[in-house]
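Coordinate inspection notes
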Amino acid sequence: MIWADHAWILPAIPAIAFVVLFLFGRKLPRGGDFISVGAALAVFVLFFFVLESHLDWLGAGLGGIRNVGTDWINFDSFVVRLGFTVDSIAMVMVFVVATVALMVNIYSTNYLRHHGRPEPRYWWYFAVLSLFVAMMLTLVLADNLLLMFVAWEGVGLCSFLLIGFYYERRSAVEAAKKAFVTTRLGDVGLFIGIILFWRATGSFQISDIIAAAEAGRVNDLPQVMGDGYLTLSTLMLFLGAAGKSAQVPFHVWLPDAMEGPTPVSALIHAATMVVAGVYLVARLLPVFEVTPGASNVVLGVGLTTALLAGIMALAQNDIKRVLAYSTVSQLGFMFVALGVGAVGIAMFHLLTHAFFKACLFLGSGSVIHMTEEQDARKLGGLWWRMPVTASTFIISSVALAGIPPLSGFFSKDEIFLATIGGANTAVAILLGIAAFLSALYMARLVIITFFGPPKDLAVIRRAREAAPTILIPLVFLTVLTFLVGFVAFDQVGDALGFPGGINSYIYFPEPESFHFSNSIAAVTGTVSLLGFLTAWWFFWGKNSERARAVREFQPRLAAVVENKFYFDEAYQWGIDRAMLPLARVVAWFDRMIVNDTGINAPADATRYAAYWLRYHVTGRIPDYALLMVVGVALAGGLAFLLRG
Amino acid sequence: MDLEYQLIIPEFVMAGLAVVIIAAALAFRNVDQKWFGYATAIGLAIIAVITAVAYWDTNDDFGGVLAVDHFTVLFRVFFLGIAFFTVMAAVQFAGERLKNHAEFYGLIVFATLGMMLLAASRELLTAYLSLELLSFSFYILVGFNKLNPFSNEGSLKYMLLGAFSSALMLYGISLIYGVTGSTTYSAIGPDVVEGTRSIAGQLASFAGGSGGVDPDGARPGLLIGLVLITAGLGFKVSAVPFHQWTPDAYQGAPLPITAFLSAGGKAAAFAFFLRLFSEAFLPAAAEWVWFVGILAAVTMIVGNLMALQQTNFKRLMAYSSISQVGYLLVGIVALDAANITQSQDAASALVLHLIGYVTTNIAVFAAIIAFYNRTGRDDIVDLRGLAERQPFLAFAIAAALFSLAGMPLFAGFATKFIIFQAAFNNGFLWLGAIGVTASFVSLYYYLMVIKQMYLYEPEGSDRARFHVSRPLAGALVVLVAGVLFIGLYPTPLFDVIHSSTAGLFEQAAAISAAAVGN
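Our next topic: the overall build of chain A. Counting secondary structure elements, chain A contains 27 helices and four strands. Computed over C-alpha atoms, the radius of gyration of chain A comes to 28 Å, within 12% of the 26 Å expected from 2.2 N^0.38 for 644 residues, which places it in the range of a compact globule. Over its C-alpha atoms, taken along the principal directions, chain A stretches across nearly 100 × 60 × 50 Å. Split into buried and exposed, the 644 residues of chain A put 56% on the buried side. Partitioning the intrachain contacts of chain A with sequence separation of at least 6 by distance along the chain shows that 77% fall at a separation of at least 24. Surface summary for chain A: the accessible area is close to 26,100 Å², and the carbon and sulfur share equals 68%. Averaging the locations of the 42 positively and 42 negatively charged side chains of chain A gives two centres separated by 11 Å.

Have a look at this one:
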């Protein structure tokens, strides 16, 4: 059996798990969590079978992309396939999803318990988690944009449900709503983009759209727009990607999404769903490359986001929020790589980031679960009480900061190289500042959380090392954080069965080999170390006086950063001053014109006609027969008139 | 003539099953009556499976009057499925509210036999006899609850008007026989073309030309014959203005029979309709297509408008089924003599909509039967608060009604989409527009029912939650799953249907090829 031909099995397994949990989860022992964990494990194991058959098939030189599946809807002129693409970047994403989903599932069986007792709606959590995994795998494997859009909305729904999991809390409800509405803005753009491409090419198939764009056929068909058509369509797609991946100006939802349970943040809001935007652009990069200016937009948005989010992360005190801004910033790095056309490198950073960021979130979850506190200012000194959590957290932070030889170093280094090669030095320098910031905020977070004297005795008294079901995922992800970077080297790749290093597999048709450059590595390593030193200079022990001095030296600037550049306030002002007045006008029009005249009048007419029509039902057989005769007579008469 | 009796073994077995069930009731007087129901259901299921396996690759005919091709086998299995689900839904109802169970199930089997023969018929009198076997079984079944005056009234109206419509149809058949000299579809097809031509010649001779073809002219006979046959069929499928028996019979009949009548009766009549019009009458499409088009339009409009006024759920479903007939007739209208591929698409669309509609309708009725078993009520307001008393039933009814209204996710959307698309492709934009508007109106009365179930609290003395018997619940789960499956992924079913409708157009293809040759 060739597994790659049956890749649909991967999303089907968690989908079935969802149906079972949805129907029976409440009644099953342990809320049926074993079903969700089992499904995730099955996906993880089966992934390697699919990967093996994919690699066999690459080795046999049969080309890079395999589309499998069947027609979902086929109405001649309108075909939607239930089709799946098995290719290299899909495999990278499936690996990320499968691994992190399994770890998060295992972790959640402990995290979603309070002193050993399941929290309310424990079964529902696992049901939605399974649905998320099914939708995410569908999104990754879909070979056409419509199916991908269905899954895209599906993961959005799961994200909404899980952010609002603790819906007794007002803030969780608000955060869920904000995430949904904000990403929805982007999703509308994505859908418009899909329709525009469909109109121009007559297909939803990604391969067809790429072929049409490369052949310059997208602008041929629509007569109205002319040359702007392709640009408009592509930018609409990017709108969706930016919304999902929380790029400026859509970044506001991600930090608030931290209201959800922490393992959810690790899975959805760090490793998988938020990178869907990166994945979408990566998949359609040939389209972006032939669209004038599109790559520069991607680059610009990515760079802005990487810098702004890096600065905002500095002034946050909630552990998870720091990590959230860091995620936004790292996603910006990935978009920069895409902007200079380095798909393989963007995907490589996606891969390494997924593991260390998931590990960081799960580590912060471990701290929160045990101490019941997530304000870093009240933590501190946890190093001695939670050694495993602390060491995995620190290692992952170092990886994120880009210190050799951990995985983040390799992937970030690649992005610098690609930027210098593909854009200009100014971009590389700005990116270097963003990298410096990431080392700085991570070191700050580590220092105030795990080192220094305990700030709250009640908290430190509660702090104990977490249970094995929490620690095993942490350790596993840390090991991956160590290893994944090395896979880029030829020698390691050879040993693992990827001759030429993994990068030559990530984006197969146009492989990008790993170009390690000593000078660049030295520079980026130094920048990261400099970030660490700066953090030490400002935050270690009594040094924190210096941080305070800086804040007091420029209180206004500090306030701007602490208030996240007033993005939320600006949006709120826009909603209050522009949206609501406009909505009132629309509401009036809707009530008076659309409803009263447009809907109610025809409805009244229909009802009136129906009222009179009922008099033909007399209940008398002769009347019934008479009507039949009249019908036949009319038809006969008409027959002679029309056809005689 | 060598008759290949093995082709119609399923029909023989069905007749045997009916007799055995009735005889068994005489032999085993002390057996719990429900076992007759389950025995019938198991018998039907076994016959269905064996028919599907054994006959799928057959393409033959029995003495020129019964075809056993993909189309027949598809409909055989379809009818057996309808009967199976009807019996499953009926067992508890019959046990509690009817007498003479064995005869009840036996008549259902006889009616199913009539349907199976009707779908296979390729000869007008055979088809007529099959139709009467079907109708006679239904006349009795509608009046089966003989102590109920509504049941008697419905049965009597159905029977008297049915006799009237049979007379219309027989007269039509005799006229067609007079024009073409034959009653087999294979002979009518080419002759219909001749009939059409002779009129052209006649007109030419009137105009002073030298057509020289049959001066008496067969055309008036052909036209009136087609109108009368269509009228007779219109009665059987309850198209407006031949529909008036429908609400009375639906309301009076015992609920499972209402389900069976709305599903099986309609499906069988459409199988006949489709085979007759595509095998025999397609070459003369120009002569009848406008008439069927008007019939479809009037049926969609009147059915939906009348449904708005109903307060009784069975009468609502009666008018709802009338409006569905309008949509199905659109499929007949989309048959096109000049374009066989398009005709086959239309026929497949019609069968797909038929299967979707029937599955949905049986689901509605199965749920209503479960509700009626508990409450003994069938007005729309009685459903008030059902979502609290029995969430599963409320969900099943809501899903099925959404499907009937043609909402996405459910069967009705996909099947209506395909059928209207067929009409558009054949240039009947106005008909498609009426269909879409009518569907829109229909959403109102379906939503009124859903509103009663979901937005109101239960009322009256009986507000407790209740259980649905397991066989009924099981059948309902399968039906609702079917509705969702057809709605989400119609392709596999459509492929099966498409391979079964291919045979219907072989003759028309040959005729049009010959016409091109000339």
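Another aspect to go through is the side chain of Ser203(A). Residue and element names in this part refer to chain A. Mapped onto the secondary structure, Ser-203 falls in the loop between helix H6 (170-201) and helix H7 (206-214). For Ser-203, a relative accessible area of 10% translates into the label buried. Within the structure, the side chain of Ser-203 is placed 2.9 Å from the backbone nitrogen of Gln-205, a separation counted as a polar contact. Among the polar contacts made by the side chain of Ser-203, one reaches the side chain of Asp-208 at a distance of 2.7 Å. Dropping the residues within four chain positions of it, Ser-203 is found in contact with Phe-197, Trp-198, Asp-208 and Ile-209.

Before going further, it helps to spend a moment on the confidence of the model for chain A. Looking at chain A, pLDDT values average 88 and 93% of them are 70 or higher. The element-level mean pLDDT for chain A is lowest in helix H22 (residues 503-506) of chain A, coming to 64, with helix H4 (residues 122-141) of chain A highest at 96.

All chains considered together, the criterion is met by 57 aromatic pairs over all chains. Plain terms: the ring middles of Phe95(A) and Phe355(A) are 5.7 Å apart, the flat faces sit at 75 degrees to each other, and that makes the pair edge-to-face. Here the residue Phe95(A) occupies a position in helix H3 (residues 88-111), and Phe355(A) occupies one in helix H15 (residues 343-371), the gap between them amounting to 260 residues. Here a set of aromatic residues connected by ring pairs shows up, and it is made of Phe44(A), Phe47(A), Phe48(A), Phe95(A) and Phe355(A). Sitting over the ring of Tyr55(B), Arg76(B) keeps its end group 5.0 Å from the ring centre. The lysine or arginine in question, Arg384(B), covers the ring of Tyr456(B), its NZ or CZ lying 4.3 Å from the ring centre.

Each value, and the rule that gives it
- Residues numbered from 1 in each chain as written.
- Chains lettered and ligands numbered in written order.
- Predicted model: local features only at pLDDT ≥ 70, side-chain atom pairs only at ≥ 80, totals over all residues.
- Heavy atoms only, no water.
- Helix = DSSP H or I, 4+ residues; strand = E, 2+ residues; numbered from the N terminus.
- Rg over C-alpha atoms; globule rule 2.2 N^0.38 Å.
- Buried < 20%, exposed > 50% of the residue type's maximum accessible area, 1.4 Å probe, protein only.
- Contact = heavy atoms within 4.5 Å.
- Areas by Shrake-Rupley, 256 points an atom, 1.4 Å probe, with all protein chains shown as cover.
- Lys, Arg positive; Asp, Glu negative; His and termini not counted.
- Charge placed at Lys NZ, Arg CZ, Asp CG, Glu CD.
- Polar contact = N/O pair within 3.5 Å; in protein donor to acceptor, adjacent residues only side chain to side chain.
- pLDDT = per-residue confidence, 0-100.
- Phe/Tyr/Trp six-rings, centres within 6.5 Å; stacked < 30°, edge-to-face > 60°.
- Lys NZ or Arg CZ within 6 Å of the ring centre and 35° of its normal.

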